[in-house]
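Secondary and tertiary structure notes
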Amino acid sequence: MTLQHFIADEFKVGMRLLMGVVIFVLLIACVNIASLQLARGAERQREFAVRAALGASRFRLVRQLLVESLLLALAGGGLGLLLASWGVDLFRSGLSSIDDVSSIAREVTIDQTVLIYTLGLSVFAAILFGLAPAFRQTALDLHSTLKEGGRASSQSKARH
């Protein structure tokens, strides 16, 4: 019996519950990052207004924000893979002390499927949770934003 079938049979309910918790934590993290991007975008409204006034299209501004979101998501996915690698090593060391399953412990690896899944999930999360803040930040009234920005730039950082 392979380790995959053993785990699938013995820990089916627990693994599904664990996957549900992981998806829920990922959802919470993505929503938090999206709200942080919205808050950061409120500070960058003048920058986007100046870029738009200089001729940048809305598509170009949204693309810039999506690239920033994608870099953030890929960094998070990379950190998750690093933690998963450490977890697999810890799991293997725990299994290697048991004689009956020490040969099976060598089968536990992070393969290409995990890497592709992580990459796909990171890109999907970046697009899904980066698109709303990007569209919100680029919907500008240039005249009023630039007018307000002129007054706000004279105030100190502590005043804000």
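As a starting point, this report considers the structure included with it.

Procedures and definitions
- Residues numbered from 1 in each chain as written.
- Predicted model: local features only at pLDDT ≥ 70, side-chain atom pairs only at ≥ 80, totals over all residues.
- Heavy atoms only, no water.
- Axes fitted to C-alpha atoms, helices over the stretch in contact; angles between N-to-C directions.
- Helix = DSSP H or I, 4+ residues; strand = E, 2+ residues; numbered from the N terminus.
- Parallel < 35°, antiparallel > 145°, perpendicular 65-115°, else oblique.
- Left-handed = near helix turned anticlockwise from the far one by under 90°.
- Contact = heavy atoms within 4.5 Å.
- Core = buried A, V, L, I, M, F, W, Y, C linked by side-chain atoms within 4.5 Å.
- Buried < 20%, exposed > 50% of the residue type's maximum accessible area, 1.4 Å probe, protein only.
- Patch = residues over 30% accessible without salt bridge, like charges linked within 9 Å, V, L, I, M, F, W, Y side chains within 5 Å.
- Areas by Shrake-Rupley, 256 points an atom, 1.4 Å probe, with all protein chains shown as cover.
- Salt bridge = Lys/Arg side-chain N within 4 Å of Asp/Glu carboxyl O.
- Polar contact = N/O pair within 3.5 Å; in protein donor to acceptor, adjacent residues only side chain to side chain.

Thoughts on the packing of helix α2 (residues 12-43) against helix α6 (residues 112-138)
The geometry of a pair of packed helices is captured by two quantities: the angle between their axes and the separation between those axes. Where α2 meets α6, the axes come as close as 9 Å, and the angle between the chain directions of the two elements is 30°. Between α2 and α6, the angle falls in the class roughly parallel. Crossing of α2 over α6 shows right-handed handedness. Two secondary-structure elements touch here, α2 through Leu26, Leu27, Cys30, Val31, Ala34, Gln37, Leu38 and Gly41 and α6 through Leu121, Ala125, Phe129, Gly130, Pro133, Arg136 and Gln137.

Brief notes about the nonpolar core
If you look at the biggest cluster of nonpolar residues, it comprises five residues: Phe48, Leu61, Val62, Leu65 and Ala134. If one sorts the elements of this core by residue count, helix α4 (residues 58-96) sits on top with three residues. Those residues in contact with Val62 that sit more than four places away from it in its chain are Leu131, Ala134, Phe135 and Thr138.

Topic: a nonpolar patch on the surface
There is a patch of nonpolar side chains on the surface, built from Phe6, Phe11, Met15, Leu18 and Val22 and spanning about 450 Å² of accessible area. The element that contributes the greatest number of residues to the nonpolar patch is α2, accounting for three residues. Summarising the element assignment, Phe11 is placed in the loop between α1 (3-10) and α2.

What to know about the side chain of Ser122
Tracing the sequence through the fold places Ser122 in helix α6. The class of Ser122 is buried, set by a relative accessible area of 9%. For Ser122, the side chain forms a polar contact with the main-chain oxygen of Thr118, separated by 2.9 Å. Once you skip the residues sitting within four places of it in the chain, Ser122 turns out to touch Ala73, Leu74 and Gly77.

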